[in-house]
Number of protein chains: 2
Amino acid sequence: MPGEEHPLHRLFYPDSVAIIGASRSPHKFGHIQVANLLRTGYKGRIYPVNPKADSILGLKCYPSVLDVPSQVDVATITLPAPAVPRAVEECVEKGVRFVIVISSGFSEIGPEGAKLQEAMLKAVEGTETRIVGPNTTGVINTETGFTTTFMPIQGPLRPGPVSFVVQTGIFAGTMLLHVLTAEKFGLCKVAGLGNKCDLEESEVLEYLAEDPGTRMIAMYIESVSNGRRFMKVVKQVAREKPVLVLKSGRTEAGRRAALSHTGSLAGRDEIFEAACRQCGLLRVRSFEELLDLAKAFAMQPIPRGNKVGAASYTGAGCVLIADECSLQGLELAELSGASLSELAKAMPPWAKPTHPIDIEPLHEAMGPDAYGFSLRVLAKDPGVDAMMINIMGLPDEMKGSPFYASPADYVRYFSEARELAPDKPLVACVGGDKEAVGEVMEALEEAGFPAYPSIWRAIRALSALCRYASIRRKLTEGRAGQGRR
Amino acid sequence: MPGEEHPLHRLFYPDSVAIIGASRSPHKFGHIQVANLLRTGYKGRIYPVNPKADSILGLKCYPSVLDVPSQVDVATITLPAPAVPRAVEECVEKGVRFVIVISSGFSEIGPEGAKLQEAMLKAVEGTETRIVGPNTTGVINTETGFTTTFMPIQGPLRPGPVSFVVQTGIFAGTMLLHVLTAEKFGLCKVAGLGNKCDLEESEVLEYLAEDPGTRMIAMYIESVSNGRRFMKVVKQVAREKPVLVLKSGRTEAGRRAALSHTGSLAGRDEIFEAACRQCGLLRVRSFEELLDLAKAFAMQPIPRGNKVGAASYTGAGCVLIADECSLQGLELAELSGASLSELAKAMPPWAKPTHPIDIEPLHEAMGPDAYGFSLRVLAKDPGVDAMMINIMGLPDEMKGSPFYASPADYVRYFSEARELAPDKPLVACVGGDKEAVGEVMEALEEAGFPAYPSIWRAIRALSALCRYASIRRKLTEGRAGQGRR
């Protein structure tokens, strides 16, 4: 990690946290925050602050942050907005390093809220206290189990390579619930910045650039605080780590909505779009795409080129894969003579090898191993940079049929291909029976293979990996060029 | 239905079916076909044909279709390709009306297969026997439980308004498995046409146009057999029923793959694209989009305009909804003064009403009913043509929190809105905890409200409903204009 001397270190690795607005009532944010810290295994000191309670969840409660007996690294505030500036003043007096203001009702609601936000900022002016938010869920660090989120978390957080930087409150909470319950890639750090009245995205990106646990960064933003700094930082980060961004406020209607959400001035979209191209940001359109790509980057290597080797359980799948590769900037690899003759030998006499490989005729000859065989051919073919396979989730009733492979079978086939070609990313599309599809996808993702419910989405993920390969090449060449001058 | 005199009537409503290639081995297609017919409640006579078996699944077996003691309306063939032409000849001799050739190994594999296909066609020349396929799963009619598919079906088929016309074999099978196990809209009829050596899409479309059970048609095709006829038919159908089409072979790579899949000549994509615009086809890009839109059309009314009323549990959701409406050709409705003041009255003093409606401040005042309240405001507003709401699936632990609504709560809120405005389509996006999201989506769809896991997809569905409203208007005006001349 960036080291204890980094100015943001204590935000992610606090020794102590005060929960201002802690509550005994189980549905209040200030209660869930404390409960979460107890369940995620956070080892630091937790100080609930509430003048009307003696203890919360077995922890001694303090009337004010000023009464806490030790240093406080991070304080969170969930009080009603008008009470927040006073609480921030107390945090400054206490020498708290980071105040995470969860509450909303600030610049996003108009002049009155903006005044409260200014009062808060005034309180930290010239001090060492930084404000995160307001209007946010704050931070998460899975390495230490530290979280300030107010969405209930059931147990330890799954650690992983993906860090999120998000500019919204509840969105981060629901997104987090989704990631924790539906996604198999783990989280490293999450920073929710809300209205960004003080701490902004560039500072966090700089921190995450140095953070060894963070292998990729996914962002949701409505505005950029400091465009020039942002571009400079992203350009640096993107040389080493993919940066995905969902930026809303793309349209006039969206910009109006952003103004009343986080008080953001979203700016002209063409400018942001150009900035993305220039500094190597991978822009996505939806939350779904953000997660689809995040899991590909989290689980798979960056390919060396954009030649795809593909196989599908049906001819229609082959056609759709071929179309999507072309439409999404990829090329179908030309299979080598060796691959083609290996395929031809394995097929019944009436069939002939094609690419994408139609698995059906292979089933006739070798049953479910046709999936594994196709993957092995693609993995060994020197002309293939990246792999995609379209497979079936079939009901238990079909066990024993030549098409049926169990989740464990699929994991074995995929793992064999990975061993043969660890440098070629491999993604899957799984279709068929709902329950079986769920089981196959879960097993594959547990084993590190991203799985998608549609060919279009699987190829989109593969395409992003290839796009990043080219971005990284360009950014690195750019740097090398600068170095020579 | 089109009536018994319609030439395709017996294909979907056969009194008797012969399964040529019926098998005692449980994984053979010819076994699953028989098992399916017993489980789906098909009331017609079933004649398994297999010279080596006495009976299959309790049904008497016949050595040849010629030995079947009664008229045969439909015969299916799953024999190896070289044996098919002879079997077709026997069907002709028997006077079978429709022969569904499930087997593959025909024009899609090259000259040798093409010869077999020609031999088959020659056998029916000048007769009343029609061929469906080859290389297909055949047909389904949920009204009578009739199906020739070789994917195992567990019980009676859910009837509904959606009919499919598809040009592929296994794809239809897996798609069918998905529809049967994961989708809540029901099926009316399915026609799998495979290589379309005889029966082609225009004839089936003409039939479905007249079929009262079919309220919308979803197609997967790789080529169009007779462009002029196809356009004429679609133009007619689209006046009354939406027609969605996933047409592959869009790119050079896709066209090459289509040639080796169904022997299709996919044609230039610009031409097909222009045809779509001209005759009112709604073209989609992926299987996922096809089903996303199918369920919207199956469950919701066609709006009278494109002004969207929307609400979301988070400001970020509001921004993304506003963006997506603009990007997908919809307008955010301007809420009436009455709506705005109703919202203002219900909100805490610090908040102000915006559109899309940010539900969060309403929760503060009225708990989970904020979802219902927002929907009622939108349903009553005369400026709103179509509605979209972004809601949360929260874990049971949050029961009692002001944000928490149970699946049944959501269904109640949505149903109230439908009662207030039965003519306004309503779609949902659901995010959050995986299990809870699944439960909310299932409950909503059971109640007739399409639910999507992303804002982008929910708005895409709403946009398709609005696009069809305008297509229908244009096609109807066109006809009225012609009438006046």
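Residues numbered from 1 in each chain as written. Chains lettered and ligands numbered in written order. Predicted model: local features only at pLDDT ≥ 70, side-chain atom pairs only at ≥ 80, totals over all residues. Heavy atoms only, no water.

1. Structural notes on the relation of the copies chain B and chain A
Next, step 1: With an RMSD of 0.1 Å, the operation that places chain B on chain A is a rotation of 180° combined with a shift of 0.0 Å along the axis. These values place the two chain copies in the arrangement generated by a two-fold rotation axis.
Next, step 2: When the interface residues of chain B are mapped onto chain A, 100% of them again fall at the interface, so both copies present the same face. (Least-squares fit on C-alpha atoms with pLDDT ≥ 70 in both. Contact = heavy atoms within 4.5 Å.)

2. So, the sheet that holds strand β1 (residues 16–20) of chain B
All names here are of chain B.
Next, step 1: Read across the sheet, five strands follow the order β2-β1-β5-β6-β7 without closing on themselves; strand pairing throughout is parallel. Every other strand in the sheet has two partners, leaving β2 (45–49) and β7 (130–132) as the edge strands with one partner each. Strand-to-strand, the axes of this sheet are offset by a mean angle of 20°, without reference to chain direction.
Next, step 2: Bridge count for strand β5 (residues 74–77) against strand β6 (residues 98–101) is four bridges, and the pairing is parallel. Directly across from Thr76, in β6, lies its bridge partner Ile100. (Pairing = 2+ DSSP bridges. Helix = DSSP H or I, 4+ residues; strand = E, 2+ residues; numbered from the N terminus. Axes fitted to C-alpha atoms, helices over the stretch in contact; angles between N-to-C directions.)

3. Quick word on the interface of chain B and chain A
Next, step 1: Taken together, the contact between chain B and chain A spans 71 residues of the former and 71 residues of the latter.
Next, step 2: For the pairing of chain B and chain A, the buried interface totals around 5900 Å² over both sides, and the portion due to carbon and sulfur atoms is 65%.
Next, step 3: We note a salt bridge from B:Arg39 to A:Glu397, for which the minimum N-O separation is 3.0 Å.
Next, step 4: Viewed at the interface, chain A and chain B are joined by 20 residue pairs in polar contact (both at pLDDT 80 or more).
Next, step 5: Per-element tally for the side of chain B that touches chain A: the top contributor is helix α11 (residues 315–327) of chain B, with ten residues.
Next, step 6: Counted by class, the side of chain B that touches chain A contains 30 nonpolar, 26 polar and 15 charged residues. (Buried area = accessible area lost by both parts, 1.4 Å probe. Salt bridge = Lys/Arg side-chain N within 4 Å of Asp/Glu carboxyl O. Polar contact = N/O pair within 3.5 Å; in protein donor to acceptor, adjacent residues only side chain to side chain. Nonpolar A, V, L, I, M, F, W, Y, C, P; charged D, E, K, R; others polar.)

4. What to know about helix α14 (residues 369–380) of chain B
Next, step 1: With twelve residues, α14(B) should reach 16 Å at 1.5 Å per residue; the first-to-last C-alpha distance of 16 Å fits that figure.
Next, step 2: B:Ala370, B:Tyr371, B:Gly372, B:Phe373, B:Ser374, B:Leu375, B:Val377, B:Leu378 and B:Ala379 are the residues of α14(B) that are buried. (Expected span 1.5 Å × (residues − 1). Buried < 20%, exposed > 50% of the residue type's maximum accessible area, 1.4 Å probe, protein only.)

5. Comments concerning the pairing of strand β11 (residues 187–192) of chain A
All names here are of chain A.
Next, step 1: Of all six residues in β11, six are buried, a share of seventy percent or more.
Next, step 2: In this sheet, β11 lies alongside strand β8 (residues 139–141) in antiparallel orientation, the contact comprising three bridges. Residue Asn141 lies in a different strand from β11, and its bridge partner there is Lys189.
Next, step 3: Pairing of strand β10 (residues 159–166) with β11, which is carried by five bridges, proceeds in the parallel orientation. Within β11, the position partnered with Pro159 by the bridge is Leu187.

6. Examining the sheet that holds strand β9 (residues 146–147) of chain A
All names here are of chain A.
Next, step 1: Reading across the sheet, the seven strands line up as β9-β8-β11-β10-β12-β13-β14 and stay open at both edges, with mixed pairing between neighbours. The open sheet is flanked by β9 and β14 (282–284), the only strands paired with a single partner.
Next, step 2: Where helix α6 (residues 201–210) meets the sheet, it contacts β10, β11 and β12 (216–221), and its direction lies at approximately 165° from that of β10.

7. What about the packing of α6(A) against helix α7 (residues 227–238) of chain A?
For any two helices packed against each other, the geometry comes down to the angle between their axes and how far apart the axes lie.
Residue and element names in this part refer to chain A.
Next, step 1: The contact between α6 and α7 brings their axes to 9 Å, and the two run at 15°. The orientation of α6 with respect to α7, classified from their angle, is roughly parallel. Judged by the twist between their axes, the crossing of α6 over α7 is left-handed. Counted together, Glu201, Ser202, Glu203, Leu205, Glu206 and Ala209 of α6 and Arg229, Phe230, Val233, Val234 and Val237 of α7 form the full contact between these two elements. (Parallel < 35°, antiparallel > 145°, perpendicular 65-115°, else oblique. Left-handed = near helix turned anticlockwise from the far one by under 90°.)

8. Some points on the nonpolar core
Next, step 1: A:Phe164, A:Phe185, A:Met388, B:Phe164, B:Phe185 and B:Met388 are the most contacted members of the largest nonpolar core, which totals 114 residues.
Next, step 2: Once residues within four sequence positions are removed from consideration, B:Met388 is found in contact with B:Val308, B:Gly309, B:Ala310, B:Ala311, B:Ile321, B:Leu426, B:Val427, B:Cys429, B:Ile455, B:Ala458, B:Ile459 and B:Leu462.
Next, step 3: A:Phe12, A:Leu193, A:Leu208 and A:Ile217 belong to the second-largest nonpolar core, a separate cluster that totals 90 residues. (Core = buried A, V, L, I, M, F, W, Y, C linked by side-chain atoms within 4.5 Å.)

9. Concerning α11(B)
All names here are of chain B.
Next, step 1: The first and last C-alpha atoms of α11 sit 18 Å apart over 13 residues, in line with the 18 Å expected at 1.5 Å per residue.
Next, step 2: The opening residue of α11, the one whose side-chain oxygen lies 3.0 Å from the backbone nitrogen of Ala316, is Thr314.
Next, step 3: Gly329 sits one or two positions beyond α11 and adopts a positive phi of about 75°.

10. Some remarks on unusual backbone geometry
Next, step 1: Across the junction of A:Gly133 and A:Pro134, the peptide omega takes the value 0°, indicating a cis bond.
Next, step 2: Following B:His355, the chain continues into B:Pro356 via a peptide bond in cis, with omega recorded as 0°.
Next, step 3: Even without glycine at this site, B:Leu57 takes up a positive phi of about 50°.
Next, step 4: You can see B:Leu57 is positioned in the loop between β3 (55–56) and β4 (59–60).
Next, step 5: In this structure, B:Asn135 is a non-glycine residue whose phi angle is positive, near 75°.

11. Thoughts on the side chain of B:Thr214
Residue and element names in this part refer to chain B.
Next, step 1: Positionally, Thr214 belongs in the loop between α6 (201–210) and β12 (216–221).
Next, step 2: Given a relative accessible area of 1%, Thr214 falls into the buried group.
Next, step 3: Among all residues touching Thr214, those that are not within four sequence positions of it are Pro161, Ser163, Cys188, Leu208 and Lys241.

12. Quick notes on the packing of aromatic side chains
Next, step 1: Following the criterion strictly, the structure yields 19 aromatic pairs over all chains and no others.
Next, step 2: Between the aromatic rings of A:Phe29 and B:Phe403, the centroid separation amounts to 5.8 Å while the plane-to-plane angle is 15°, which identifies the pairing as stacked. Separated into two different chains, A:Phe29 in helix α2 (residues 29–39) and B:Phe403 in the loop between β18 (386–393) and α15 (407–420) make up a pair that spans both.
Next, step 3: Taken together, a centroid distance of 5.6 Å and an interplanar angle of 75° make the contact between B:Tyr47 and B:Tyr62 edge-to-face. On the criterion of sequence distance, the pair formed by B:Tyr47 in strand β2 and B:Tyr62 in the loop between β4 and β5 is long-range, its members being 15 residues apart. Each member of the pair, B:Tyr47 together with B:Tyr62, is buried.
Next, step 4: By the ring-pair criterion, three or more aromatic residues cluster together here, those being A:Phe29, A:Phe150 and B:Phe403.
Next, step 5: Over the face of the ring belonging to A:Tyr452 we find A:Lys295, whose NZ or CZ atom lies 4.6 Å from the ring centre.
Next, step 6: Here the basic side chain of B:Lys247 rests over the ring of B:Phe272, its NZ or CZ set 5.4 Å away from the ring centre. (Phe/Tyr/Trp six-rings, centres within 6.5 Å; stacked < 30°, edge-to-face > 60°. Lys NZ or Arg CZ within 6 Å of the ring centre and 35° of its normal.)

13. So, the pattern of salt bridges
Next, step 1: All chains considered together, the criterion is met by 67 salt bridges over all chains.
Next, step 2: Taking the shortest distance from any N to any O, the salt bridge between A:Glu206 and A:Arg229 comes out at 3.1 Å. Of the two residues, A:Glu206 sits in helix α6 while A:Arg229 sits in helix α7, which places them 23 residues apart along the sequence.
Next, step 3: Look at A:Glu206 and you get partly exposed, because its relative accessible area is 31%.
Next, step 4: The partner of A:Glu288 in a salt bridge is B:Arg457, and the shortest N-O contact between them spans 2.8 Å. Of this pair, A:Glu288 sits in helix α10 (residues 287–299) while B:Arg457 sits in helix α17 (residues 455–484), placing the two residues on different chains. Note on accessibility: A:Glu288 and B:Arg457 belong to one class, buried.
Next, step 5: Salt bridges sharing common partners tie together A:Glu288, A:Glu289, A:Asp292, A:Arg457, A:Arg460, B:Glu288, B:Glu289, B:Asp292, B:Arg457 and B:Arg460.

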